[in-house]
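Coordinate analysis (summary)
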Amino acid sequence: MLTYLQGNSRPDISVHVHQCARFSIDPKRSHEKAIIGIGRYLLTSRDRDIIYKPDTSRGLECYVDADFAGGWQKADAESADSVMSRTGYVLMY
């Protein structure tokens, strides 16, 4: 649920949710406290919204950057460590 919130309406919690998600396989008490802290922050910041004000003169602009095989080497074609996938995008209204 936190991943959905940070991805769709609350990008201000992205880093914190990501850091907690890294330890979802073996969570500790400190991770539980971090999740509770995120919940408290969300409760106290209900009035924060994302407001989109489109600029109709510019329209929709989309910039994409992708590097699928940045670490690929022909000698290590079968190794999963030699292939990286990094993508990013920016949408501007």
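Structure report, in brief. (Residues numbered from 1 in each chain as written. Predicted model: local features only at pLDDT ≥ 70, side-chain atom pairs only at ≥ 80, totals over all residues. Heavy atoms only, no water.)

1. Observations regarding the pattern of salt bridges
Taken as a whole and assessed by the stated rule, the structure comprises three salt bridges. A salt bridge links Arg10 to Asp12; the shortest N-O distance between them is 3.0 Å. On the basis of relative accessibility, which here comes to 8%, the residue Arg10 falls in the buried class. For Glu32, the salt bridge is made with Arg29, and the minimal N-O distance between the two is 3.0 Å. Remark: Arg29 and Glu32 occur in helix 3 (residues 29-44); sequence separation between them is three residues, near one turn of the helix. (Salt bridge = Lys/Arg side-chain N within 4 Å of Asp/Glu carboxyl O. Buried < 20%, exposed > 50% of the residue type's maximum accessible area, 1.4 Å probe, protein only. Helix = DSSP H or I, 4+ residues; strand = E, 2+ residues; numbered from the N terminus.)

2. A look at a nonpolar patch on the surface
A contiguous nonpolar patch, built from Ile50, Tyr52, Leu60, Val64, Tyr89, Leu91 and Tyr93 and spanning about 830 Å² of accessible area, is present on the exposed surface. Within the secondary structure, Leu91 is located in strand 2 (residues 86-92). On the accessibility criterion, Leu91 (45% relative accessible area) is partly exposed. (Patch = residues over 30% accessible without salt bridge, like charges linked within 9 Å, V, L, I, M, F, W, Y side chains within 5 Å. Areas by Shrake-Rupley, 256 points an atom, 1.4 Å probe, with all protein chains shown as cover.)

3. Concerning helix 3
The terminal C-alpha atoms of helix 3 lie 23 Å apart, and with 16 residues this matches the ideal 22 Å at 1.5 Å per residue to within 8%. Along helix 3, the residues classified as buried are His31, Ile38 and Leu42. Mapping the buried residues of helix 3 onto a view down its axis gives an arc of 40 degrees, with all of them on the same face. Exposed positions of helix 3 whose direction lies more than 90 degrees from the buried face are Lys33, Arg40, Leu43 and Thr44. (Expected span 1.5 Å × (residues − 1). Arc of directions from axis to C-beta.)

4. A closer look at the packing of helix 2 (residues 14-21) against helix 3
At a closest axis distance of 10 Å, the pairing of helix 2 and helix 3 adopts a crossing angle of 155 degrees. The angle between helix 2 and helix 3 falls in the class roughly antiparallel. The way helix 2 lies across helix 3 gives a crossing that is left-handed. For the pair helix 2 and helix 3, contact is made by His16, Val17 and Cys20 and by His31, Ala34, Ile35 and Ile38, respectively. Along the lines of polarity and charge, the residues of the contact of helix 2 with helix 3 split into five nonpolar, two polar and no charged. (Axes fitted to C-alpha atoms, helices over the stretch in contact; angles between N-to-C directions. Parallel < 35°, antiparallel > 145°, perpendicular 65-115°, else oblique. Left-handed = near helix turned anticlockwise from the far one by under 90°. Contact = heavy atoms within 4.5 Å. Nonpolar A, V, L, I, M, F, W, Y, C, P; charged D, E, K, R; others polar.)

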